[in-house]
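The primary structure of each chain is shown beneath.
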Amino acid sequence: MAKSKWIFGNQQSQPATVTTIKPAPLPVESSADTRQFGLENFGNTCYANSVLQALYFCAPFRELLLQSPEYLEPSGANSLGNANPSPLVPVRRKQQRQASTSGLISDTSSAQAAIPIPSNPPSLFSALRSLFLHISTHPSDKGTVAPLAFIEQLRRVNESFRSTMHQDAHEFFNYLLNKIVEEIEEDRKASHHVSNSITTLASKVPSTMNSANSGPLPDLTLVHKLFEGTLTSETRCLTCETVSSRDESFIDLSIDIEQNSSLTACLRQFSASEMLCQRNKFFCDACCDLQEAEKRMKIKKLPNVLALHLKRFKYQEDLNKYIKLSYRVAFPLQLRLFNTVDDAEDADRLYNLFAIVIHLGNGPHHGHYISIIKTFGSWVVFDDDNVYTIPEKDIPKYYGDSNAGSAYVLYYE
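Residues numbered from 1 in each chain as written. Predicted model: local features only at pLDDT ≥ 70, side-chain atom pairs only at ≥ 80, totals over all residues. Heavy atoms only, no water.

- Looking at an unreviewed UniProt entry, the chain carries the name Ubiquitin carboxyl-terminal hydrolase, with the source organism given as Lentinula raphanica.
- Taken from UniProt, the Catalytic activity (unreviewed entry) comment for the chain reads in full: "Thiol-dependent hydrolysis of ester, thioester, amide, peptide and isopeptide bonds formed by the C-terminal Gly of ubiquitin (a 76-residue protein attached to proteins as an intracellular targeting signal)." (UniProt positions renumbered as here; feature names shortened; annotations may be inferred.)

Right under this line is the structure:
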């Protein structure tokens, strides 16, 4: 899918003669994309910084996050039902670094000030939204931001991230998206409950208002709209040839890798046929018995944003520990998935690579994460608070077999 401007809502073309009335403009995506801010590291938080940069430069995600109608501005009533505004205070800055921006803007001479970051956000969703809002509205294009409010909220809601030990960027990415879904759905349920209570207390309410307040809850969050796809597991009984299928949703695909391979080859192996025999026989409903069968995975619904996790950490039984697979896995800048079902919608969609999370180091329990982002045709490295551009010809250095680092999570849209 070629990268293009994300359109929200239904828009109709206007007659050429109408020139006096124009719709209210949406925030200009290119303006937010020009912001190249590094993120301070608060004790091995590079796993979060690398993923946050990838999500910020995922324009559809950023715009849906900032324009979410369910949530109020941080300076007013907070999201998820918290009516008390968070105090706006500066976040501490590390010494001997670039001047970082946090709750308040130090340059009072600027004509436009960035929206400050509340120091005590009520939810992880609110913390992420406030961080992105601060960056996207900043009058400067470069600098350093301290995401301390987000990190502190992350550590409040999940004790696994409270230590300064090395964390896994892919696990953080999964947790963050699932937590956003959880918080949005909890807020919707609470709003739905309040609406029903008001409707019940009202003595006479028109039927149209009743139906509006007690209708079904919205089922798609911004995470579902962008990252969710559908896998189908097809199993064919080798005795009666009956094919059964089971669908499951995903927000990213974890792909096994091999030495000196390519992403396409790994995806082909992901959907390769698997024989179910001996102790792994399949129970066929048509035969009413355990039978040998052939099983394969295919993609039934393509996501708008495709996240591919390369499984570089593997448990080695003889060593009794996890090791890193520094295999060379070549990945394309443009990707067309072939392992789809026959009737998949938009099966020929062409994806463009826009972000790469890189792991540097020799093992899963230590190392460093950076991200490489494509913005305005240039590739930019975000290494915590260090930001610099690289030529496109350097991307193969991150295939995995060099000291530059190994591609760990690939983001296509």
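Focus on the overall build of the chain
Then, in step 1: Per the secondary structure count, the chain includes nine helices and 21 strands.
Then, in step 2: Evaluated residue by residue, the chain yields a buried proportion of 46% over its 413 residues.
Then, in step 3: Counting contacts in the chain only where the partners sit at least 6 residues apart, residues at least 24 apart contribute 69% of the total.
Then, in step 4: Of the roughly 21100 Å² of accessible surface on the chain, a fraction of 49% belongs to carbon and sulfur atoms. (Helix = DSSP H or I, 4+ residues; strand = E, 2+ residues; numbered from the N terminus. Buried < 20%, exposed > 50% of the residue type's maximum accessible area, 1.4 Å probe, protein only. Contact = heavy atoms within 4.5 Å. Areas by Shrake-Rupley, 256 points an atom, 1.4 Å probe, with all protein chains shown as cover.)

Some words on the environment of K225
Then, in step 1: On the secondary structure map, K225 appears in helix α8 (residues 222-227).
Then, in step 2: When the C-alpha positions of K225 and P303 are compared, they lie 8.0 Å apart, and in sequence the two are 78 residues distant.
Then, in step 3: Not counting residues up to four positions away in its chain, the partners in contact with K225 are L220 and N304.

Some details on the state of the cysteines
Then, in step 1: This model, assessed by the stated rule, comprises zero disulfides.
Then, in step 2: No disulfide involves C287; its sulfur sits 3.6 Å from that of C240, the nearest cysteine. (Disulfide = S-S within 2.5 Å.)

Remarks on helix α4 (residues 124-136)
Since there are 3.6 residues in each turn of an α-helix, residues three or four apart along the chain are aligned in direction.
Then, in step 1: Spanning 13 residues, α4 covers 18 Å between terminal C-alpha atoms, matching the ideal 18 Å at 1.5 Å per step.
Then, in step 2: For α4, a buried count of 13 out of 13 residues is recorded, marking the element as mostly surrounded by other parts of the structure.
Then, in step 3: One side-chain oxygen at the N-terminal end of α4 lies 3.0 Å from the backbone nitrogen of S126; it belongs to S123. (Expected span 1.5 Å × (residues − 1). Polar contact = N/O pair within 3.5 Å; in protein donor to acceptor, adjacent residues only side chain to side chain.)

Some details on the pattern of salt bridges
Then, in step 1: On inspection of all chains with the given rule, the structure shows 14 salt bridges.
Then, in step 2: Taking the shortest distance from any N to any O, the salt bridge between R35 and D141 comes out at 3.3 Å. Taken together, the residues span a long stretch of sequence, with R35 in the loop between α1 (29-33) and β1 (36-39) and D141 in the loop between α4 and β3 (142-145) at a distance of 106 residues.
Then, in step 3: For R35, a relative accessible area of 7% gives the class buried.
Then, in step 4: Classification of D141 as partly exposed rests on a relative accessible area of 39%.
Then, in step 5: Between R328 and D401 there is a salt bridge whose closest N-O contact spans 3.7 Å. A residue pair is termed long-range when its members are at least 10 positions apart, and R328 in the loop between β14 (321-324) and β15 (329-330) and D401 in the loop between β20 (386-390) and β21 (406-412) qualify at 73 residues.
Then, in step 6: The exposure class of D401 is partly exposed, given its relative accessible area of 46%. (Salt bridge = Lys/Arg side-chain N within 4 Å of Asp/Glu carboxyl O.)

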